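# Fold and contact review
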Amino acid sequence: MFITYNSHIGKSTYSKAIQIQTGGKFTHTSINLNGVIYEAVIKKGVIRTEEKDWDSSTIYSSTTFNIDVHTHRVLKYWLEAQVGKGYDYWGILSFVWKFIKQKKGKWWCSELGTETLAKQFSLYHYKHKQDPTEFYYMVQTIYKVTTDH
């Protein structure tokens with residue numbers, strides 16, 4: 001069983017705005033849990049797509065962790081419970097205006113990824129507010145520390 005965290009570089013105006021605001025390379029994060037893609041998408045919120053029906057053309061980098069059956073169950077249960085929840089527009093605005101707070105129960109892409117990664121490693125204290133580029137570097141660091149090469 002596996003979980004893959006994908007880092008994307010989009011070409012849309014929204015993607016360019018993310019790059020400008022964050023100063024980073026990446027514009028989106030998605031999660032592949034054993035062939036099912038979970039992502040928080042603007043105007044749709046958290047969605048679930050079978051890998052065979054999903055457009056992977058904007059993926060720039062993928063990091064895969066092998067996970068045990070228990071971890072898979074925990075992550076699948078949690079991710080399925082997020083499907084249909086709204087997009088965290090206020091949280092996105094909090095990158096620009098620091099006084100705005102993130103909305104619990106709503107997600108943007110790398111926020112969903114950060115929460116999933118924390119659950120994967122049973123972390124209970126972590127920083128939610130990651131942009132897609134910060135998330136990429138966090139995943140790379142954790143991968144290097146936790147896997148045998």
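Just so you know, the residues in each chain are numbered from 1, in the order the chain's sequence is written. Residue-level local features of this predicted model are given only where pLDDT is at least 70; pairs of side-chain atoms are given and counted only at 80 or more, and the full residue set underlies all totals for whole chains, interfaces and linings. Neither water nor hydrogens contribute to the side-chain values; these are computed over all heavy atoms in the structure.

### Regarding the packing of helix α4 (residues 109-120) against helix α5 (residues 132-146)
Convention adopted: a line fitted to C-alpha atoms gives each axis, helices being fitted over their contacting stretch, and angles between N-to-C directions are expressed from 0 to 180 degrees. Each helix is a run of DSSP H or I of at least 4 residues and each strand a run of E of at least 2, with the numbering of both proceeding from the N terminus. Relative orientation of the contacting elements α4 and α5 amounts to 20 degrees, with a least axis distance of 9 Å. Comparing their axes, α5 and α4 come out roughly parallel. For the pair α4 and α5, the sense of crossing is left-handed. Judged by residue contacts, Cys109, Ser110, Gly113, Thr114 and Leu117 of α4 engage Pro132, Phe135, Met138, Val139 and Ile142 from α5. An angle below 35 degrees is treated as roughly parallel, one above 145 as roughly antiparallel, one from 65 to 115 as roughly perpendicular, and anything else as oblique. Note on convention: near helix rotated counterclockwise from far helix by under a right angle means a left-handed crossing. Clockwise means right-handed. Throughout, a residue-residue contact means that at least one pair of heavy atoms, one from each residue, lies within 4.5 Å.

### Brief notes about the packing of aromatic side chains
One pair of aromatic rings is described through two measures. These are the centre distance and the angle between the planes. Stacked, edge-to-face and tilted labels apply to pairs of Phe, Tyr and Trp rings (six-membered ring for Trp) whose centres lie within 6.5 Å, assigned for plane angles under 30 degrees, over 60, and everything in between, in that order. Tallied over the entire structure, the rule returns 9 aromatic pairs. Their ring planes at 65 degrees and their centres at 5.6 Å tell us that Tyr5 and Phe135 sit as a pair that is edge-to-face. Of the two residues, Tyr5 sits in strand β1 (residues 2-8) while Phe135 sits in helix α5, which places them 130 residues apart along the sequence. Assigned by exposure class, Tyr5 and Phe135 land together as buried. Their ring planes at 40 degrees and their centres at 4.5 Å tell us that Phe26 and Tyr136 sit as a pair that is tilted. Separated by 110 residues along the polypeptide, Phe26 in the loop between α1 (13-22) and β2 (28-33) and Tyr136 in helix α5 bring together distant segments of the chain. Across the pair, exposure class does not vary: Phe26 and Tyr136 are buried alike. Partly exposed describes any residue whose relative accessible area lies between the buried limit of under 20% and the exposed limit of over 50%, with all areas from a 1.4 Å probe on protein chains only and scaled to the type maximum.

### Quick word on the environment of Gly91
Tracing the backbone through its elements, the reader meets Gly91 in helix α3 (residues 89-93). Assessed through its relative accessible area of 0%, Gly91 is described here as buried. Linking Gly91 and Trp107, residues 16 residues apart in sequence, is a C-alpha distance of 7.9 Å.

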